[in-house]
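A structural walkthrough
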Amino acid sequence: EKQGFKHFMLKEIYEQPGVVRACLEAYFNTDWNAASANNNSPINLGLPAELYADLEQIQIVACGTSWHAALVGKYLLEQVAQIPTQVQYASEFRYAPSPLTPNTLTIGVTQSGETADTLAALAMEKERRQGKEPKYHARLLGITNRPESTLGHMVPHIINTLAGIEIGVAATKTFIAQLMSFYALALDLAYRRQTVSSDTLEDILKGLQHIPKEIEATLESQEHLTEQLAHDFAETTDFIFVGRGINFPIALEGALKLKEISYIHAEGYPAGEMKHGPIALLDAKVPVVAIAMPGSVYEKVISNAQEAKARDSRLIGVTPVKDGEAAEIFKDLIPVSAVDELLSPIVTVIPLQLLAYHIAARRGLDVDQPRNLAKSVTVE
Ligand code: M6R
């Protein structure tokens, strides 16, 4: 039931703090000191040691929003756990797989566990590794919201994303839950491979514990603001979303959410790529949403945003409220908490979901059942 919300999508957006809490409880040992004193990982995914042994590479296959979650996962697995990681569209990988590499973990990310391309990519990976020497054997892991699905029966190991059933065709809470799986996986690997100090690890774990409250604060402050903002885009036909680093996939996700439910043409770009072509599209009719979170690429995103402003684009900033510089550049601010850069995607995606929702709802569209789309794509 919709529990008083106008659409399932909005209800599911609001369920996200609870989903993050469920994942924190399930995957992370809250008594970090006791866990580390006993030499146990502070993360508990129930995965066997052989999955991780001598790991040299990770490859991830997925589609749509799950592919975006995988891109955040790649950032974490490479930058925190220092493991080379490739992310492939399942529909591409199944016909042009990368050459076989040894000691490789293959992860399929699919909330439904029924996406035909993702299942076929994993089946192909299993088959082509059969009969090879042990270091080439398939190591398959599924990240899914439905362990009882076809995927659940196909792969030996699963991370259950614990989002509860999602009805809206546009994925929201299952995306957040997939992100949580990748935080847990990357931190578990980082702990085991000692790629970060225990102080850093502890800081990240503490930061994660605060995330549900940060999402709640974002929902509270953004709901009205994004609804108001949506009024201005009744006639808009094109939107650009930009971000960098760990927030580049969030720019892609913001654009996908908007296209899916509002039928507005939208593209996400790494902000530094704008000048290599897409900037030619910009003028006063094309709004640009820039995700500018404090951290390693903040100044770069701000200067990319300035370039867009010089082309008369209406600039909408997803950025912390107190920042004077940002306040000057952006015509509209969607303020979010200044969380650690590494954790920021879990917060920055929220206003983009709300913005897409309100634009579509304002246009009177069928938000939960957009045209031409199905909740799970079980055909090729
Ligand atoms: O069930 P899956 O996660 O495998 O689905 C993959 C995509 O079809 C899905 O994420 C799609 O892009 C959503 N409608 C996004 O909102």
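All of the points below concern the structure found in this document. It should be emphasised that the depicted structure is a prediction, and the values quoted were computed from it without experimental measurement. (Residues numbered from 1 in each chain as written. Predicted model: local features only at pLDDT ≥ 70, side-chain atom pairs only at ≥ 80, totals over all residues. Heavy atoms only, no water.)

Some remarks on the overall build of the protein
A count of helical and extended segments in the protein gives 14 helices and ten strands. For 380 residues, the compact-globule estimate of 2.2 N^0.38 gives 21 Å, and the C-alpha radius of gyration of the protein, at 20 Å, lies within 12% of that figure. Along the first, second and third principal axes, the C-alpha set of the protein runs to 60 × 45 × 45 Å. Residue burial in the protein is summarised as follows: out of 380 residues, 57% are buried. Approximately 15500 Å² of the protein is accessible, and the part contributed by carbon and sulfur atoms is 49%. (Helix = DSSP H or I, 4+ residues; strand = E, 2+ residues; numbered from the N terminus. Rg over C-alpha atoms; globule rule 2.2 N^0.38 Å. Buried < 20%, exposed > 50% of the residue type's maximum accessible area, 1.4 Å probe, protein only. Areas by Shrake-Rupley, 256 points an atom, 1.4 Å probe, with all protein chains shown as cover.)

Points about the sheet that holds strand β8 (residues 288-291)
Read across the open sheet, the five strands follow the order β7-β6-β8-β9-β10; overall the sheet is parallel. Each having just a single partner strand, β7 (265-270) and β10 (332-336) make up the two edges of the open sheet. Pairs of neighbouring strands in the sheet enclose a mean axial angle of 20°, with direction left out of account. Both strand β9 (residues 315-320) and β10 contribute to a ladder of five bridges, which runs parallel. When the sheet's bridge partners are listed, G317 is paired in β10 with L333. Strands in contact with helix α14 (residues 345-362) are β6 (238-243), β8, β9 and β10; relative to β8, the strand with the most contacts, it is inclined by about 160°. (Pairing = 2+ DSSP bridges. Axes fitted to C-alpha atoms, helices over the stretch in contact; angles between N-to-C directions. Contact = heavy atoms within 4.5 Å.)

Regarding the layout of surface pockets
Estimates place the volume of the largest pocket at around 550 Å³. Together, 26 residues line the largest pocket, and G64, T65, E260, A374 and V377 are the ones closest to its centre. Those elements giving two or more residues to the lining of the largest pocket turn out to be α5 (64-79), α9 (173-193) and α11 (248-262). Broken down by element, the lining of the largest pocket gets its largest block of residues, four residues, from α11. The space that makes up the second largest pocket amounts to roughly 170 Å³. (1 Å grid on protein atoms, 1.4 Å probe; cavity = no way out; pocket = protein on both sides within 12 Å on 5 of 7 lines; lining within 4 Å. Points joined across faces, edges and corners; volume = space filled by probe spheres on them.)

Details of the site of the ligand
Near the ligand you find 14 residues, and of these S66, T110, S112, T115 and E260 are the closest. Between the ligand and the protein, one listed contact pairs an oxygen atom with a side-chain N or O atom of S66 at 2.6 Å. Here T110 contributes a side-chain N or O atom positioned 2.6 Å from an oxygen atom of the ligand. In the complex, the protein chains occlude 91% of the 410 Å² of accessible area that the ligand would expose alone. (Near = heavy atom within 4 Å. Polar contact = N/O pair within 3.5 Å; in protein donor to acceptor, adjacent residues only side chain to side chain.)

A few points about the environment of G268
With respect to the secondary-structure elements, G268 resides in strand β7. Taking relative accessible area as the criterion, G268 reaches 14% and is therefore assigned buried. Sequence separation of G268 and G254 is 14 residues, and the distance between their C-alpha atoms is 7.4 Å. Residues contacting G268, with those up to four places away along its chain left out, are F241, A251, L252 and A255.

Everything listed here is a matter of geometry and, on its own, says nothing about what the molecule does.
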